[in-house]
Each structure stands twice: as structure tokens, then as C-alpha cells.
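# Tertiary structure, described
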Amino acid sequence: MKHPRLDGVDPQARSRARRRALQAVYAWQMSDTAITKVLEQFRNEQDMEIADVEYFEDLVRGVHANLASLDDALSVFLDREIDQVDPIERAVLRIAAYELRHRIDVPYRVIINEAIETTKRFGSEHGHTFVNGVLDHAAADWRTAEAQAPRRS
């Protein structure tokens, strides 16, 4: 039997929130629809009761509000312009970059693992290796102390 976490976070609901956020950010990137409209559509059309809705909205709003700084920060680790990155991988990178830079309550390894798994599910065949490489370098730079800390067993 699983024991509830002391911080009250449901990891499965967070994973679902990230997947929904990917879909919402992707839809926004592709349609250039107002972010409030995209969020409204997801609230009304998607199966949100099984996701952490608050986290979903934080990710989507966070990516939207910080888009320029996230893209600029990611550009250091990319081998091409951000607009040349596959749209799914671009959305995953933006969400993960937001989490790495603004959600320090979430361990960087969790963020990277979730990004890889989401990319495997929705992205191109080898997209997860690209995402992994970019985020490994970003985490080492943006969360140096955490990345260099010894792993707990």
C-alpha cells in the first residue's frame, strides 16, 4: 500500500498535470490562441479531475508569462533556434525550463524524468534523447548546488 506523501503532493496527479500542460502549451504554440481561451478549453474539455489542476495552470501560465526569458535561457543549450525545435519537444522544454527555474520545490531529477517520459509518449522517436541532453545541461547550470549534491540512497 502506498503511503501519502507528507507534503500532500500526488505524483500521479502532477504527471497528469504535466501531460495536460504539454497539450495546452502545444495547442497555444500552434494556434496562437489567447492563453486564457486555451486554459478555458482544457478546463471544459479535458478530464481534469484526475490531474493537479492548480499545477497545470501554474505551468501553462508560467510558460506564457516567462516565454521570452525561458527561450533565451534555453538557447544556450540548443544546437538550433528554438523555433526550429519540434513543437512537442519545444513545449516540453519550455515547461521543464519553467519548472527548473521557478518551481524549486520540485527536484530537478523529477522534472527531467517527467520531461523525458512525456516526450517518449507524445514526441518523435528519438526526441527524448534531445530533451534529456538539453535539460541535463540546463539543470547543471541553473541548479548547480542541487545537481552537485551527493545522491541520497
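A short tour of the structure in this document, coming up. (Residues numbered from 1 in each chain as written. Predicted model: local features only at pLDDT ≥ 70, side-chain atom pairs only at ≥ 80, totals over all residues. Heavy atoms only, no water.)

### Quick look at the pattern of salt bridges
Filter applied, for reference: For this document, the term salt bridge refers to a Lys or Arg side-chain nitrogen within 4 Å of an Asp or Glu carboxyl oxygen. For helices the rule is a DSSP run of H or I covering at least 4 residues; for strands it is a run of E covering at least 2, with both sets numbered from the N terminus onward. Buried, partly exposed and exposed residues are distinguished by accessible area as a fraction of the type maximum, computed with a 1.4 Å probe on protein chains only: under 20%, between the cut-offs, and over 50%, respectively.
Applying the stated criterion to the full structure yields 10 salt bridges. Of the charged contacts in the structure, one is a salt bridge between Glu 99 and Arg 18, with a shortest N-O distance of 2.9 Å. Within this pair, whereas Glu 99 is found in helix H5 (residues 87-102), its partner Arg 18 is found in helix H1 (residues 11-31), the two being separated by 81 residues in sequence. Residue Arg 18 is classed as buried on the basis of its relative accessible area of 6%. In this structure, Arg 80 engages Asp 79 in a salt bridge whose closest nitrogen and oxygen atoms are separated by 2.8 Å. For Arg 80, a relative accessible area of 34% corresponds to the partly exposed category. Through salt bridges with shared partners, a single network forms among Arg 18, Glu 99 and Glu 114.

### Some thoughts on the packing of H5 against helix H6 (residues 108-122)
Applied cut-off: Only the stretch in contact is used when fitting a helix axis, every axis being a line fitted to C-alpha atoms; angles between N-to-C directions are given from 0 to 180 degrees. Oblique is the label for any angle not covered by the other classes, which are roughly parallel (under 35 degrees), roughly antiparallel (over 145) and roughly perpendicular (65 to 115). Left-handed describes a crossing whose near helix is turned anticlockwise from the far helix through less than a right angle; right-handed describes the clockwise counterpart. In this description, contact between two residues means that some pair of their heavy atoms is separated by no more than 4.5 Å. Under the convention adopted here, Pro, Cys and the residues Ala, Val, Leu, Ile, Met, Phe, Trp and Tyr are nonpolar, Asp, Glu, Lys and Arg are charged, and Gly plus all remaining residues are polar.
Contact geometry for H5 and H6: axes closest at 10 Å, N-to-C directions at 165°. Our classification of the angle between H5 and H6 gives roughly antiparallel. Viewed along their axes, H5 and H6 form a crossing whose handedness is right-handed. Contacts between H5 and H6 involve Ile 88, Glu 89, Val 92, Ala 96, Glu 99 and Leu 100 from the first element and Tyr 108, Ile 111, Ala 115, Thr 118, Thr 119 and Phe 122 from the second. A breakdown of the residues in the contact of H5 with H6 according to their chemical character gives eight nonpolar, two polar and two charged.

### Section: the nonpolar core
The test is simple: The term nonpolar core refers to a set of buried residues drawn from Ala, Val, Leu, Ile, Met, Phe, Trp, Tyr and Cys, joined through side-chain atoms within 4.5 Å.
Core analysis: the largest hydrophobic core is formed by 44 residues, its most contacted members being Phe 56, Val 60, Leu 74, Leu 78, Leu 93, Leu 100 and Leu 135. Listing elements by their share of this core, those giving two or more residues are H1, helix H2 (35-45), helix H3 (53-65), helix H4 (67-75), H5, H6 and helix H7 (127-142). A total of nine residues in this core trace back to one element, the largest contributor, which is H5. In contact with Leu 78, not counting residues within four places along its chain, are Val 85, Leu 93, Phe 130 and Val 134.

### As for the environment of Ser 124
We apply this condition: Any pair of nitrogen or oxygen atoms within 3.5 Å is treated as a polar contact; in protein, a donor-acceptor pairing is required on top of that, and neighbouring residues in sequence qualify only through side-chain atoms on both sides.
With respect to the helices and strands, Ser 124 occurs in the loop between H6 and H7. Taking C-alpha positions, Ser 124 is 14 Å from Tyr 26, a pair spaced 98 residues apart along the chain. In this structure the side chain of Ser 124 is engaged in a polar contact, spanning 2.7 Å, whose partner is the side chain of Glu 89.

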